[in-house]
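Understanding the architecture of this molecule
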Amino acid sequence: MDFQPLHYIFKGTGNTSAKTLLLLHGTGGDENDLVPLAKNFGNDINILSLRGNVNENGMPRFFRRLGMGIFDEKDLEFRTHEMVHFLKEIAKKEGFDSTKIIALGYSNGANIAGATIFLHPDFLAGAILYRPMQPFKNILDGKSNSHTPLFFSSGKNDPTVNIEDTNKYLKTLNDNNLDVTFYEINTGHNLTQEDLKLSVDWFKKNF
């Protein structure tokens, strides 16, 4: 596979057994975007923030899309494998435990985190998904053996994500043995302080 490395920021604790919070930005963001949020999750975790390798009219993304809300699923599959390969390699380089990665993704970043959950079941120790969409139209076999905990928050007035699609995605996640905690926030596609507070509370309860 012609996998390419990803630009990243790593802030380690020096503790090789520490958990690692993997930050995955939305469309047009980069590896700096979500770093300010990380401090809310504690001082005893590593921070690893990535920049997507796809460029859409000058905007970084983690995978290509064919139109608004229409994913290039072949590219998404390739980029997901590419990211997981990179995470395993960078874990060796930076000295963190690749079995203790909790993803935090917003929008496009939440979608590649979701793809990872299905293509590499149980690779992630958990995931925080802000404004996600189901990554693949047809999910074949991505059942979790460890009932991976997931935080999922949608915007009640989100113009980019249909509520029926969200409900279908939630059912798919539950059918694949994921332990989903779902919140519908009274907002649009943007992130809010409520998202942050709820996800921090969820993180502290689960990790």
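Quick caveat, the model's predicted, so the values are computed rather than measured. (Residues numbered from 1 in each chain as written. Predicted model: local features only at pLDDT ≥ 70, side-chain atom pairs only at ≥ 80, totals over all residues. Heavy atoms only, no water.)

Remarks on the sheet that holds strand E2 (residues 20-24)
- Reading across from one edge, E1-E3-E2-E8-E9-E10-E11 is the order of the seven strands in this open sheet, with mixed pairing throughout. With partners counted over all chains shown, the strands left at the sheet margins are strand E1 (8-11) and strand E11 (179-185), one partner each. Neighbour to neighbour, the strand axes of the sheet diverge by 10 degrees on average, direction disregarded.
- Sheet topology places E2 next to strand E8 (residues 101-106); five bridges connect them, and they run parallel. Paired with Leu22 across the two strands is Ala103, which belongs to E8. (Pairing = 2+ DSSP bridges. Helix = DSSP H or I, 4+ residues; strand = E, 2+ residues; numbered from the N terminus. Axes fitted to C-alpha atoms, helices over the stretch in contact; angles between N-to-C directions.)

With respect to the nonpolar core
- Counting 38 residues, the largest nonpolar core has Leu22, Leu24, Leu50, Leu87 and Leu173 as its most contacted members.
- Elements with a contribution of two residues or more to this core: E2, strand E3 (46-50), helix H2 (73-94), E8, helix H3 (108-119), strand E9 (126-130), strand E10 (149-155) and helix H4 (163-175).
- It is H2 that provides the largest number of residues to this core, a total of seven residues.
- The residues touching Leu173, leaving out its near neighbours within four places in the chain, are Phe118, Leu150, Phe152, Leu178 and Val180. (Core = buried A, V, L, I, M, F, W, Y, C linked by side-chain atoms within 4.5 Å. Buried < 20%, exposed > 50% of the residue type's maximum accessible area, 1.4 Å probe, protein only. Contact = heavy atoms within 4.5 Å.)

Let's talk about the packing of aromatic side chains
- All chains considered together, the criterion is met by 12 aromatic pairs.
- Ring geometry for Tyr130 against Phe151: centres 6.1 Å apart, planes inclined by 80 degrees, an arrangement best described as edge-to-face. Within this pair, whereas Tyr130 is found in strand E9, its partner Phe151 is found in strand E10, the two being separated by 21 residues in sequence.
- Judged by its relative accessible area of 1%, Tyr130 falls in the buried class.
- We classify Phe151 as buried; its relative accessible area is 0%.
- An aromatic cluster is built from Phe41, Tyr130, Phe151, Tyr183, Trp202, Phe203 and Phe207, whose rings are joined through pairwise contacts.
- One cation-aromatic arrangement involves Arg61 over Phe63; the distance from NZ or CZ to the ring centre is 5.0 Å. (Phe/Tyr/Trp six-rings, centres within 6.5 Å; stacked < 30°, edge-to-face > 60°. Lys NZ or Arg CZ within 6 Å of the ring centre and 35° of its normal.)

Section: H4
- Its 13 residues give H4 an end-to-end C-alpha distance of 18 Å, which sits within 8% of 18 Å, the value for a rise of 1.5 Å per residue.
- Among all positions in H4, only Thr166, Tyr169, Leu170, Thr172 and Leu173 are buried. The buried side chains of H4 occupy one side of the element, clustering within an arc of 160 degrees when seen end-on. In H4, the exposed residues that point more than 90 degrees away from the buried face are Glu164 and Lys171.
- Considering only its buried residues, H4 is in contact with H3, E9, E10 and E11.
- Here H4 starts with a cap whose side-chain oxygen sits 2.7 Å from the backbone nitrogen of Glu164, and that cap is Asn162. (Expected span 1.5 Å × (residues − 1). Arc of directions from axis to C-beta. Polar contact = N/O pair within 3.5 Å; in protein donor to acceptor, adjacent residues only side chain to side chain.)

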